[in-house]
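Residue-level listing of the chains:
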Amino acid sequence: MANVVVVGAQWGDEGKGKIVDWLSHRADLVVRYQGGHNAGHTLVIDGETFKLSLLPSGVVRPGKISIIGNGVVIDPWALVGEIEAIQARGIDISPKTLKISESAALILPLHRELDEFREDLSGHSIGTTRRGIGPAYEDKAARRAVRVCDLSEPAALEARVEKLLFHHNALRKGNGLEPVGKAQLITLLMNMGPRLLPYAAPVWRELSEARKDGKRILFEGAQGAMLDVDHGTYPFVTSSNTVAGHAAAGSGFAPAGLGYVLGICKAYTTRVGAGPFPSELHDDMGRKIGERGHEFGTVTGRRRRCGWFDAVMVRQAVKVGGITGIALTKLDVLDGIEQLKVCIAYKLDGSRVDYLPAGYGRQARVEPIYEDLNGWSDSTRGARSWADLSATAIKYVRRIEELIEAPVALLSTSPERGDTILVRDPFAD
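To start, this report covers the structure provided alongside it. (Residues numbered from 1 in each chain as written. Predicted model: local features only at pLDDT ≥ 70, side-chain atom pairs only at ≥ 80, totals over all residues. Heavy atoms only, no water.)

Each helix and strand counted, the protein chain has twelve helices and 20 strands in total. The C-alpha atoms of the protein chain give a radius of gyration of 22 Å, which matches the 22 Å a tight globule of 429 residues would have. When the backbone C-alpha atoms are referred to their principal axes, the protein chain occupies close to 65 × 50 × 40 Å. A total of 429 residues make up the protein chain; the buried ones form 57% of that total. Long-range pairs, those at least 24 residues apart, make up 76% of the contacts in the protein chain between residues at least 6 apart in sequence. Carbon together with sulfur atoms contributes 50% to the accessible area of the protein chain, which is approximately 17300 Å² in total. Side-chain charges in the protein chain split into 53 positive and 52 negative, and the spacing between the mean points of these groups amounts to 2 Å. (Helix = DSSP H or I, 4+ residues; strand = E, 2+ residues; numbered from the N terminus. Rg over C-alpha atoms; globule rule 2.2 N^0.38 Å. Buried < 20%, exposed > 50% of the residue type's maximum accessible area, 1.4 Å probe, protein only. Contact = heavy atoms within 4.5 Å. Areas by Shrake-Rupley, 256 points an atom, 1.4 Å probe, with all protein chains shown as cover. Lys, Arg positive; Asp, Glu negative; His and termini not counted. Charge placed at Lys NZ, Arg CZ, Asp CG, Glu CD.)

As structure tokens, then:
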């Protein structure tokens, strides 16, 4: 049986939550392997909406094991709050159904404060969610992070906090911020220990056993390929690797066992925050798509920037991320638009280019080259088979397949779980 890795193929917000939830009925384990509570996955199940940030999207399905891997940075207060909120709605979450990597690094209040301070500096904002994700990853890379396992050893925790504050208090002093008290931070963390540690586990072993037993594993990424710290529109990116290859490193799973890579993308393009966006629409059409698609960030509530489908960018995500097939979402948002456009190439300094350059200056200068496609008047909302789609809508999907050089495996036609057309089962490969 194949395992499946779900990744965003644009700038995040592609609808990964619904797709992971839809696929999770076939999986035994669902794994988050990177990012933090800057992710926002919205699930609509029988008319009831669930909004998740840290918890894997499979957590709302009974009988599944949910795992938060070592590649995730965890705000323990946010996570415990999310667990309690979901439990209050009748969902069973216990140490038997949720396991957190003991190696995962923690996001602390000082990380959030530093993130906010940097975003408020004139000329330095990159549009983060101000939740401390970047500073927490910085500390992890610098080997001074506090990790989940440290909460079980008071002596080790004290030494870890001392090293952390040696750096941060010097940084805070230089920026005119009050220093963080060591005793106060240790007390906060020790009080959190009993609430978080029951879920802590060597999840790499759980995944190894699952693979040996032939269980199906679904890996869930956050953000999107164009927000990858190495392959995205740097510096307007997240602080982790979002491509499928990181599913192995971010969970402790054997790379050879990852299996099918399903890229998620909308039938148009959106982006939250600052950074290049070649196919962005600044007119009534952009506003129309945004309103019809309810394009507001799940986590921040910020209005998303909207534009036509960028086939150049998605094709690049397919090649860099090893994407096997695509789940195309929000096709219904385009219903009734008479003329559609798809970006098929860029013009850069007078020349035609077929990829998004790495340099920020060049990314900012590229201009979209569009291909016009006919729209459709029939509604695609709620369609559950190809027979429910008009020939023009199908033609639009087929043209996207040709341009991005990857097949559409699933087609989502509304936020509802069942409104999905299965073209090819990722778990069958």
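Looking now at the layout of surface pockets. Unoccupied space between atoms shows up once a probe the size of one water molecule is rolled over them. Quantified by volume, the second largest pocket comes out at close to 160 Å³. Contributing to the lining of the second largest pocket are 14 residues, with Asp230, His231, Gly232, Ala358 and Gln363 lying nearest its centre. When contributions to the lining of the second largest pocket are tallied by element, the ones reaching two or more residues are helix H10 (311-321) and helix H11 (360-365). (1 Å grid on protein atoms, 1.4 Å probe; cavity = no way out; pocket = protein on both sides within 12 Å on 5 of 7 lines; lining within 4 Å. Points joined across faces, edges and corners; volume = space filled by probe spheres on them.)

A full pass over the atoms with the stated rule returns 26 salt bridges. The shortest N-O distance in the salt bridge between Arg304 and Asp13 comes to 3.4 Å. Highlighted residues: Arg304 in the loop between helix H9 (284-292) and strand E13 (305-307) and Asp13 in the loop between strand E1 (4-8) and helix H1 (16-24), separated in sequence by 291 residues. What makes Asp13 partly exposed here is its relative accessible area of 24%. The partner of Glu14 in a salt bridge is Lys16, and the shortest N-O contact between them spans 2.7 Å. Here the two residues Glu14 and Lys16 agree in accessibility, since each one is buried. The network of salt bridges with shared partners includes Asp13, Lys266, Glu295, Arg304 and Lys330. (Salt bridge = Lys/Arg side-chain N within 4 Å of Asp/Glu carboxyl O.)

Attention now goes to helix H4 (residues 133-141). For H4, the complete set of buried residues consists of Ile133, Gly134, Pro135, Ala136, Tyr137 and Asp139. Close packing links the buried residues of H4 with strand E6 (73-74), strand E8 (105-106), helix H3 (109-120) and helix H5 (154-174). Downstream of H4 by one or two residues, Arg143 has phi in the positive range, about 65°.

With that settled, the discussion passes to helix H12 (residues 391-404). If you check H12, its first and last C-alpha atoms are 20 Å apart, about what 14 residues at 1.5 Å a residue would give, namely 20 Å. If you follow the buried residues of H12, they end up packed against strand E14 (309-310), H10, strand E15 (325-329), strand E16 (339-348), strand E18 (367-374) and strand E19 (408-412). (Expected span 1.5 Å × (residues − 1).)

A separate point is the pairing of E1. Burial runs high along E1: five of the five residues are buried. Summarising the sheet, E1 and strand E11 (residues 260-266) pair through five bridges and their orientation is parallel. Note on E11: the bridge partner recorded for Val4 is Tyr260. Bridging between E1 and strand E10 (residues 217-220) involves three bridges; their strand directions are parallel. (Pairing = 2+ DSSP bridges.)

What follows covers the sheet that holds E10. Strand order in the open sheet made by the ten strands is E9-E7-E5-E2-E10-E1-E11-E15-E19-E20, with mixed pairing throughout. Each edge of the sheet is formed by a strand with only one pairing partner; in this case those strands are strand E9 (200-201) and strand E20 (420-422). As paired elements, strand E2 (residues 29-32) and strand E5 (residues 65-68) share four bridges and run parallel to each other. Its bridge partner lying in E5, Val31 is registered against Ile67. Contacting E1, E2, E10, E11, E15, E19 and E20, H1 crosses the sheet at an angle of about 170° to E1. (Axes fitted to C-alpha atoms, helices over the stretch in contact; angles between N-to-C directions.)

With that settled, consider the side chain of Arg271. Following the sequence through the fold, Arg271 ends up in strand E12 (residues 269-271). Put simply, Arg271 is tucked away with no salt bridge, and the nearest opposite charge, on Glu280, sits 8.3 Å away. One polar contact links the side chain of Arg271 to the main-chain carbonyl oxygen of Ala274, over a distance of 3.3 Å. Among all residues touching Arg271, those that are not within four sequence positions of it are Trp11, Leu227, Thr233, Phe236, Pro276, Phe277, Arg304 and Arg305. (Polar contact = N/O pair within 3.5 Å; in protein donor to acceptor, adjacent residues only side chain to side chain.)

Going from Tyr234 to Pro235, the amide bond is cis rather than trans, its omega being 10°. Mapped onto the fold, Pro235 is located in the loop between E10 and helix H8 (246-249). Of note in this structure, Gln223 is not a glycine but carries a positive phi near 60°.

So, on to the pairing of E15. Burial of E15 is extensive: five of the five residues sit out of reach of the surface. The side-chain alternation of E15 yields two buried faces, one formed by Gly325, Ala327 and Thr329 and the other by Ile326 and Leu328. Relative to E15, E11 is paired through five bridges, and the arrangement is parallel. Within the sheet, the bridge partner assigned to Gly263 lies in E15 and is Ile326. Across three bridges, the pairing between E15 and E19 is parallel. Its bridge partner lying in E19, Ile326 is registered against Val408.

In this structure, Val5, Phe219, Phe309, Ile326, Leu328 and Tyr396 are the most contacted members of the largest nonpolar core, which totals 69 residues. Judged by nonpolar contacts, the second largest core, of 36 residues, contains Ile74, Leu98, Leu106 and Leu164. (Core = buried A, V, L, I, M, F, W, Y, C linked by side-chain atoms within 4.5 Å.)

Positionally, Gln223 belongs in the loop between E10 and H8. Overall, Gln223 belongs to the buried group, its relative accessible area being 9%. Reaching out from Gln223, the side chain makes a polar contact with the side chain of Gln34 at a distance of 3.4 Å.

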